[in-house]
Amino acid sequence: MHWVGKNAIGDRVQQILDEIDSEAFDLSVLLCTGHLPSLRARGMYLESQTLVDHGVRALSGGADLLGVILPLAEQEEQFDRRPFAGKTLRFSHASPYRLHRARELAHADVIVMHCIGYTKAQRQRVARMSGRPVLLARRLVAAAIGQLV
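Definitions and limits used
Residues numbered from 1 in each chain as written. Predicted model: local features only at pLDDT ≥ 70, side-chain atom pairs only at ≥ 80, totals over all residues. Heavy atoms only, no water. Helix = DSSP H or I, 4+ residues; strand = E, 2+ residues; numbered from the N terminus. Expected span 1.5 Å × (residues − 1). Buried < 20%, exposed > 50% of the residue type's maximum accessible area, 1.4 Å probe, protein only. Arc of directions from axis to C-beta. Contact = heavy atoms within 4.5 Å. Core = buried A, V, L, I, M, F, W, Y, C linked by side-chain atoms within 4.5 Å. Patch = residues over 30% accessible without salt bridge, like charges linked within 9 Å, V, L, I, M, F, W, Y side chains within 5 Å. Areas by Shrake-Rupley, 256 points an atom, 1.4 Å probe, with all protein chains shown as cover. Salt bridge = Lys/Arg side-chain N within 4 Å of Asp/Glu carboxyl O.

> What am I meant to see in helix H2 (residues 48-59) here?
Since the α-helix advances by 3.6 residues per turn, residues separated by three or four positions end up pointing in the same direction. Spanning 12 residues, H2 covers 16 Å between terminal C-alpha atoms, matching the ideal 16 Å at 1.5 Å per step. Inspection of H2 places Ser 48, Gln 49, Val 52, Asp 53, Gly 55 and Val 56 among the buried residues, and these make up the whole buried set. Projected down its long axis, H2 carries its buried residues within an arc of 165°, all on one side. Buried residues along H2 sit in contact with strand S1 (27-30), strand S2 (44-47), strand S3 (65-70), strand S5 (110-113), strand S6 (134-136) and helix H5 (137-148).

Now the structure itself:
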């Protein structure tokens, strides 16, 4: 398996943002919860990572322990913990195609499916398996977009 580096992805996404800038889009949204802080766009630009992290923080005010599901185990070490100051994070990884590991987070107050690729059906499955409330990244982002368009 070959991996594309985060810097290469960031460079390519920045090129795309620069190219579409002249086409006068009302809103640009990075539909990925990977943190790419150096990206810049003229006009309204939303970074899913920031929306999800701040949305989760707002919605989980009384929760002490947050369960976070990421697609790959390697993503845990890259996860930006700063928006979750004062919270204990427990991680699990589960491919969007294999969610059986969600049971590992059944002791969490809230579980966050922290990838745009996770679906509503998968959210429902994790909620059933864990018995916990589950926040879905794509729904948090979609709610923000819905308010802006």
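Let us keep going from here.
> For this particular structure, what's the right way to read the environment of Gly 55?
With respect to the helices and strands, the residue Gly 55 is situated in helix H2. When the C-alpha positions of Gly 55 and Pro 83 are compared, they lie 10.0 Å apart, and in sequence the two are 28 residues distant.

> Hey, could you run me through the nonpolar core in this one?
Taken as a class, soluble globular proteins show a tendency for nonpolar side chains to be buried jointly. The biggest cluster of nonpolar side chains holds 17 residues, and the ones touching the most others in it are Val 52, Val 56, Leu 66, Phe 79 and Leu 89. Counting residues per element, the ones that place at least two in this core are H2, S3, strand S4 (88-93), S5 and H5. When residues no more than four places from it in sequence are discounted, the contact partners of Val 56 are Leu 66, Phe 84, Val 112, Leu 135 and Leu 140. Counting 15 residues, the second largest nonpolar core, distinct from the first, contains Ala 94, Met 113, Tyr 118 and Met 129.

> Quick question: what am I supposed to make of a nonpolar patch on the surface here?
A cluster of nonpolar side chains, Met 44, Leu 148 and Val 149, forms an exposed patch at the surface whose accessible area comes to about 310 Å². Looking at the element boundaries, Met 44 is found in strand S2.

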